[in-house]
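# Structural overview for review
As a plain string of letters, each chain reads:
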Amino acid sequence: MWQWLYKLGSPKWFYTIGNRVLPWLWGVTGLLLVVGIIWGLGFSPPDYQMGDNYRIIYLHVPAAGLMKGSFYMMALCSAALLIWKIKMADIVAKAVAPIGAMATLLMLVSGSLWGIPTWGTWWIWDARLTSSLLQFFIFVGIIALRSAIESRDSAAKACAVLTLVGLVNIPIIEYSVEWWNTLHQGASDLSLRDSSANPPEIWIPAFFTGFGFIGLFFIGLILRSQNEILLRERRSQWVKDLLLTDNAKADTESGINTNA
Amino acid sequence: MNTDMNKASSELGLLSVMGATVRREMLLAFRNPGDVINPLMFFVIAVTLFPLSVGTDENFLSAIAPGVIWVTALLAVMLSMDSLFRADFEDGNLEQLLMSPQPLYFLLLAKIFSHWLVACLPIILLAPVLASMLFMSPEGMLPLVLSLLLGTPVLTLLGGIGMALTVGLSRSGLLLAVLILPLYVPVLVFGTGVVQAAINGTAFSGLLALLAALFALAVSLSPLAISAALKISIN
Amino acid sequence: MLEVHGLYCERDERILFKDLSFSIAPGKALQIQGSNGSGKTTLLRILCGLNSDFSGEILWQEKPVKQVRSEFCSDVFYLGHAPAINRTLSPRENLRWFSASQGKTGNIDISTALDELGLAGYDDVPCFMMSAGQQRRVSLARMKLTSARLWVMDEPFTALDKRGVSEVEQLLSDFVNAGGSLILTTHHPLQIACDIDVINLDSRVQESAP
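Residues numbered from 1 in each chain as written. Chains lettered and ligands numbered in written order. Predicted model: local features only at pLDDT ≥ 70, side-chain atom pairs only at ≥ 80, totals over all residues. Heavy atoms only, no water.

On to the overall build of chain C. When helices and strands are counted, chain C shows six helices and nine strands. Each principal axis of the C-alpha distribution contributes one length, and for chain C these read about 55 × 35 × 35 Å. For chain C, the residues scored as buried account for 56% of the 210 residues in total. Counted over contacts in chain C with a minimum sequence separation of 6, partners at least 24 positions apart contribute 69%. Element-wise, carbon and sulfur atoms account for 48% of the exposed surface of chain C, whose accessible area totals about 8,500 Å². (Helix = DSSP H or I, 4+ residues; strand = E, 2+ residues; numbered from the N terminus. Buried < 20%, exposed > 50% of the residue type's maximum accessible area, 1.4 Å probe, protein only. Contact = heavy atoms within 4.5 Å. Areas by Shrake-Rupley, 256 points an atom, 1.4 Å probe, with all protein chains shown as cover.)

Rendered as structure tokens:
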């Protein structure tokens, strides 16, 4: 276990294992998404209340899950960086931040689109939408802080501290927004109903798209981390070797093409 | 030669070191009156802008008064944060602070308490005057002051985290706002909640207790985050 | 007193130093030499615990510094690039707070300390009205107020005139000969009458980070 964690902390190992995992991940993710989307959009029965409008949950719910998951992952990485000084943790935290922000934005946009037929307006100050908006601001703050600090190591640690401060604050923010919403909205909460009340034909495709999105998340994470690894380790021998062999391969391939 | 002087000096307790820190900050505020006056003037001017933009309808103004006072006070506190660590960072005193043998946690609390005295207390004292200019009903006055008394220290402590993270950057004003305004939401919600509840004639002691809980949490955790952030910023 | 084992530090993908080991005993001085950007200031800040981007071991009285941080801090006096003097306050107010932050009362005569640094009569003048050299002298007056046994000084002679330099050199050699330890960097040819070692960061191997 520790051996494995130690290896995961090595950028080179992460890079190579990433290359090995990626094709499988693409395949599985593509399959899940295709099945989930075709089933969910084409074959699931319309909802007795919302008709076809509910089908946006196949986008909305996974996005909401990714929003939470990304932040927890960043918090975990931040702790790993501050406590054990694992540099790989910062690479992952940096890679995840924009993915989390995009997922939050996707959740907000899909929620708004859903709101037009359901609530009759694209925005209401619903508790869940409002806390997601605040969560989006926190993602943006972390990204802004990283881009403002020149020194890479300082930026990494500052973002880690801010992420952990956010981790403590997010439940408090959500609680306060929940309280505020009941004060101002009464019991007219129209957000997503408990999905277990829906027939299985509706929520099984949601599982497919949900896992598909998780797959997409990890694909994005690995690709972005690999980019960052190459950038940070560009002076090291293994990256030089890697690029040289890649170039050589490309040269021979183009050579074959010209010969043909 | 050094040993002679050691005998002349005696050890100071933690409280007197904190006292010396507060005295120093008070002296600095006295020499730079802008540290006191500017947040206060921002508060007064910004509140004045509201009737000028939304009209002077008494009912409407009294309805938005708690929110206007709270949001403006919150922004004034945030804008005042710049003077918390900036000068010490630039002249090297921050390094000395971090190298003090005294526990940093308490030194930071002393500094933040001084900042609160200088920047926030005048705002709290003036808030009822501005609230009555916005025709807020008198039942809300005491709860407004109480909620500000409990809420502004939390804002100062959270702002201290943001400031400690950005003190090394040359222009950090807007970045600070982006970092800490989302974190200010609970204080704002419960702070205005207290005043609204009092005006509506419902019980507000539970909300004050929530604010007090936020205060306790902020006092116990923020100095840790601030010291971690300061150590990063001076690197 | 202070021991350093296998210190390694890289910054911006450049190794500043690696396998750096040295120690300093009471009554000794150590001069860190090196060209600009060789990591002198970084090394001093690492020794003081102001920079934690390093690996290796730093021992104070044979214990890791991190474990005895509070004792270590009360035994170390750090003079950095910035004077640590608030320009709004007078020298007396600045030094009084310095003493307090060290956990000492202001019983030591601050006026005497200022006199010895050639600032007699300037006790209550706001520091922003003083020249850079005078501000430096206020900063150096802290030497007279500290009871630290290890002084870590980054370019202590900056902005001083010729007489100031020789006065400070006198203070430093007095301190070392009285059993203190001194680690300093300077571009100025040192003339202090005490036991002095030299570490040159330039002569050490420079290479890029792995």
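This brings us to the interface of chain B and chain C. Tallying the contact residues gives 31 residues for chain B and 38 residues for chain C. Across the chain B to chain C interface the summed buried area is about 3,200 Å²; carbon plus sulfur atoms make up 56%. One can count two salt bridges joining chain B with chain C. Salt-bridge contacts for B:Glu95 lead to C:Arg45; the nearest nitrogen and oxygen are separated by 2.5 Å. Here chain B and chain C share 10 residue pairs in polar contact (both at pLDDT 80 or more) between them. For the side of chain B that touches chain C, the leading source of residues is helix 2 (residues 14–31) of chain B, giving seven residues. Among the residues making up the side of chain B that touches chain C, the classes are represented as 13 nonpolar, 12 polar and six charged. (Buried area = accessible area lost by both parts, 1.4 Å probe. Salt bridge = Lys/Arg side-chain N within 4 Å of Asp/Glu carboxyl O. Polar contact = N/O pair within 3.5 Å; in protein donor to acceptor, adjacent residues only side chain to side chain. Nonpolar A, V, L, I, M, F, W, Y, C, P; charged D, E, K, R; others polar.)

Listed per partner, the contact involves six residues of chain C and eight residues of chain A. In this assembly, chain C packs against chain A so that about 670 Å² is buried in total across both faces, 27% of it on carbon and sulfur atoms. With a shortest N-O distance of 2.9 Å, C:Asp53 and A:Lys157 are connected by a salt bridge. Counting every contact that joins chain C to chain A gives two residue pairs in polar contact (both at pLDDT 80 or more).

What the rule picks out here adds up to 16 aromatic pairs over all chains. Judged by centre distance (6.4 Å) and plane angle (90 degrees), the ring pair of A:Trp125 and A:Trp180 falls under edge-to-face. Separated by 55 residues along the polypeptide, A:Trp125 in the loop between helix 4 (87–119) and helix 5 (127–148) and A:Trp180 in helix 6 (residues 152–185) bring together distant segments of the chain. On the basis of relative accessible area, A:Trp180 is assigned to the partly exposed category, the value being 22%. With a centroid separation of 5.6 Å and an interplanar angle of 55 degrees, the aromatic rings of A:Trp179 and B:Phe190 are classed as tilted. (Phe/Tyr/Trp six-rings, centres within 6.5 Å; stacked < 30°, edge-to-face > 60°.)

With that settled, consider the sheet that holds strand 1 (residues 2–11) of chain C. Residue and element names in this part refer to chain C. Spatially, 2-1-4-5 is the arrangement adopted by the four strands of the open sheet, whose pairing is antiparallel. Edge positions in the open sheet fall to strand 2 (14–24) and strand 5 (63–64), since each of these has one partner strand only. Examined bridge by bridge, strand 1 and strand 2 share seven bridges and lie antiparallel to one another. If you follow Glu-10 over to strand 2, its bridge partner there is Ile-15. Each of strand 1, strand 2 and strand 4 (55–60) touches helix 1 (residues 40–48); the most contacted strand, strand 1, lies at about 125 degrees to it. (Pairing = 2+ DSSP bridges. Axes fitted to C-alpha atoms, helices over the stretch in contact; angles between N-to-C directions.)

Most of helix 1 of chain C sits out of view: eight of its nine residues are buried. A positive phi of about 80 degrees marks C:Gly49, the residue just after helix 1 of chain C.

Moving on: the side chain of B:Ser172. Tracing the backbone shows B:Ser172 in the loop between helix 8 (141–166) and helix 9 (173–180). One polar contact links B:Ser172 to B:Arg86, side chain to side chain, over a distance of 2.9 Å.

Further remarks concern the confidence of the model for chain A. Interpretation of the predicted coordinates at a detailed level should be avoided for regions scoring low in pLDDT. All names here are of chain A. Looking at chain A as a whole, the pLDDT averages 84, with 86% of positions reaching at least 70. Helix 5 holds the highest mean pLDDT among the elements of chain A, 93, whereas helix 1 (residues 2–8) holds the lowest, 63. Segment residues 186–196: pLDDT under 50, and 16 contacts once partners within four positions in sequence are set aside and those in other chains are kept. (pLDDT = per-residue confidence, 0-100.)

Residues and elements named next belong to chain C. Ordered by their spatial adjacency, five strands build an open sheet running 6-7-8-3-9, and the pairing between neighbours is parallel. Every other strand in the sheet has two partners, leaving strand 6 (76–79) and strand 9 (196–200) as the edge strands with one partner each. Across this sheet, the average inter-strand angle for adjacent strands is 15 degrees, counted without regard to direction. By the bridge criterion, five bridges tie strand 3 (residues 28–33) to strand 9 in an arrangement that is parallel. Residue pairing in the sheet places Gln-33 in a bridge with Asn-200 of strand 9. In this fold helix 1 packs onto strand 3, strand 6, strand 7 (150–154) and strand 8 (181–185), with an angle of close to 150 degrees to the strand it touches most, strand 7.

The final tally for this structure, using the stated rule, is 20 salt bridges over all chains. What emerges from the salt-bridge pattern is a single network uniting A:Asp90, A:Lys94, A:Arg146, A:Glu228 and A:Arg232.

Turning next to the pairing of strand 4 of chain C. Residues and elements named next belong to chain C. Pairing between strand 1 and strand 4: five bridges, direction antiparallel. Bridging across to strand 4, Val-4 finds its partner in Ile-58. Hairpin geometry of strand 4 and strand 5 is characterised by an intervening segment of two residues between the two adjacent antiparallel strands and by a positive phi of about 50 degrees at Gln-61.

Moving on, we come to the packing of helix 4 of chain A against helix 7 (residues 200–232) of chain A. All names here are of chain A. Closest axis-to-axis distance for the helix 4/helix 7 pair is 9 Å, and the angle between their directions is 135 degrees. One finds that helix 4 runs oblique with respect to helix 7. By crossing handedness, the relation of helix 4 to helix 7 is classed as right-handed. Note on element contacts: helix 7 touches helix 4 through Phe-213, Phe-217, Gly-220, Leu-221, Arg-224, Ser-225, Glu-228, Ile-229 and Arg-232, opposite Lys-87, Met-88, Asp-90, Ile-91, Val-92, Lys-94, Ala-95, Val-96, Pro-98, Ile-99 and Leu-106. Of the residues in the contact of helix 4 with helix 7, the class split is 12 nonpolar, two polar and six charged. (Parallel < 35°, antiparallel > 145°, perpendicular 65-115°, else oblique. Left-handed = near helix turned anticlockwise from the far one by under 90°.)

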